[in-house]
Amino acid sequence: MDGGRAVVVDRGYRIVVIPNFSKVVPGVRFSLLAPMAESSHEHMIEKVILRHFGQKPGFIRRMKTGICNEVYLVGLGDKEVIARLKDQEKWLLGSQYYIPIFKKLGIAVTDILAEDYSKSVIPYAYQIQSKIDGQDLGDVIETLTDEQLQALAKEIVSIVNKVKTIPSSEQFGPVWGEQNDFSDTWSERMKIWIEDSEKHGRKTGVMDDAMFDLAQRLYESYASYFDSVKPVTYY
C-alpha cells in the first residue's frame, strides 16, 4: 500500500497500480492487463522448453529481427532453436499453415518443433522452431561481392516464383492459416503494415523517428503506384 494505492505484482505480468485501493471491497480479484517484457518472456520460454524438451535452456536471448512476434534465440543442449511468442495466435498460424506448402515446393524453411495456441500453458500462443544456419542478410549484405549478390538475387527470384504458384485472392492481406484479414487495395494494406512496423520496430530498437518518417514519405509519394498493384501470393 502506498498513499491509498495498491501495487499488484504477479510473476509474468506487468505491475498494475490501483488508485483508492482502500475503498475497494476486500477479496475482489483483479485482472492484470498485460504481459511484462523481456524478463517475463524469458521465464515463460523456460517453462515451455521444460515442458516440451525436458531440459532447461542454456541461454535465452532476444532477437531484433522479428517485427510481428516476440522472438528469442534459445540454447538447447548442443543446438539452438527459435522461440516465437504472440498474444494473438493468428500471427503464428500462417507459419503453421504455409511451412508444409513451402516444403512441398522445395523451399528451405524452418521446422516447427513444438507449438501451442491455446494460451493455457503461458498467456501467449507460441512456436518453437528449428534454427536455419547462416546469417541474416541485413547483417552481411554490405560485405557481399557482386558475384555473391547476383547469386543471392537469382535464389530470391527462384523462391518468389515458386511462391507465386500458390493461388491468391482478389484482395490484399495476410492469410492466417485458413482465416484472412484482407484489404481492398495495396495502399490500405501498406498503411496498416507501416503502423505495425513502427509499433514493433520501436520496441526492438530497429526503427527510429527517421526511419518511420522515411516510410511515411515513401508511402505518400508512391500511393498511386500502390493503388495499381494487382494481388499475387508472396511470403
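Residues numbered from 1 in each chain as written. Predicted model: local features only at pLDDT ≥ 70, side-chain atom pairs only at ≥ 80, totals over all residues. Heavy atoms only, no water.

Draft legend 1. Inspection of the pairing of strand E7 (residues 125-130) at higher detail. Buried residues dominate E7, accounting for six of its six residues. Of the two faces of E7, both are covered, the one formed by Ala125, Gln127 and Gln129 as well as the one formed by Tyr126, Ile128 and Ser130. Sheet analysis places strand E5 (residues 79-86) next to E7, joined by six bridges and oriented antiparallel. Bridge pairing links alanine 83 to isoleucine 128 in E7. Strand direction decides the pairing type here: strand E6 (residues 112-116) and E7, joined by four bridges, are antiparallel. Paired with glutamate 115 across the strands is glutamine 127, a residue of E7. (Buried < 20%, exposed > 50% of the residue type's maximum accessible area, 1.4 Å probe, protein only. Helix = DSSP H or I, 4+ residues; strand = E, 2+ residues; numbered from the N terminus. Pairing = 2+ DSSP bridges.)

Draft legend 2. Examining the packing of aromatic side chains more closely. Evaluation of the coordinates by the stated rule reveals six aromatic pairs. An angle of 20° between the planes, with centres 6.3 Å apart, marks the rings of tyrosine 219 and phenylalanine 226 as stacked. An identical accessibility class is assigned to tyrosine 219 and phenylalanine 226; each is buried. Three or more aromatic residues joined by ring pairs form one cluster here, namely Tyr97, Tyr98 and Phe102. (Phe/Tyr/Trp six-rings, centres within 6.5 Å; stacked < 30°, edge-to-face > 60°.)

Draft legend 3. Structural context of the nonpolar core. Of all hydrophobic cores here, the largest spans 17 residues; its most connected members are Ile45, Val74, Ile122 and Ile128. Secondary-structure elements contributing two or more residues to this core are helix H1 (38-53), strand E4 (70-76), E5 and E7. Sort the elements by how many residues they give to this core and H1 lands first, with four residues. When sequence neighbours within four positions are dropped, the list of residues in contact with isoleucine 122 reads Met44, Lys47, Val48 and Leu85. Among the nonpolar cores identified, the runner-up in size contains eight residues, and Phe172, Met190, Met207 and Phe226 belong to it. (Core = buried A, V, L, I, M, F, W, Y, C linked by side-chain atoms within 4.5 Å. Contact = heavy atoms within 4.5 Å.)

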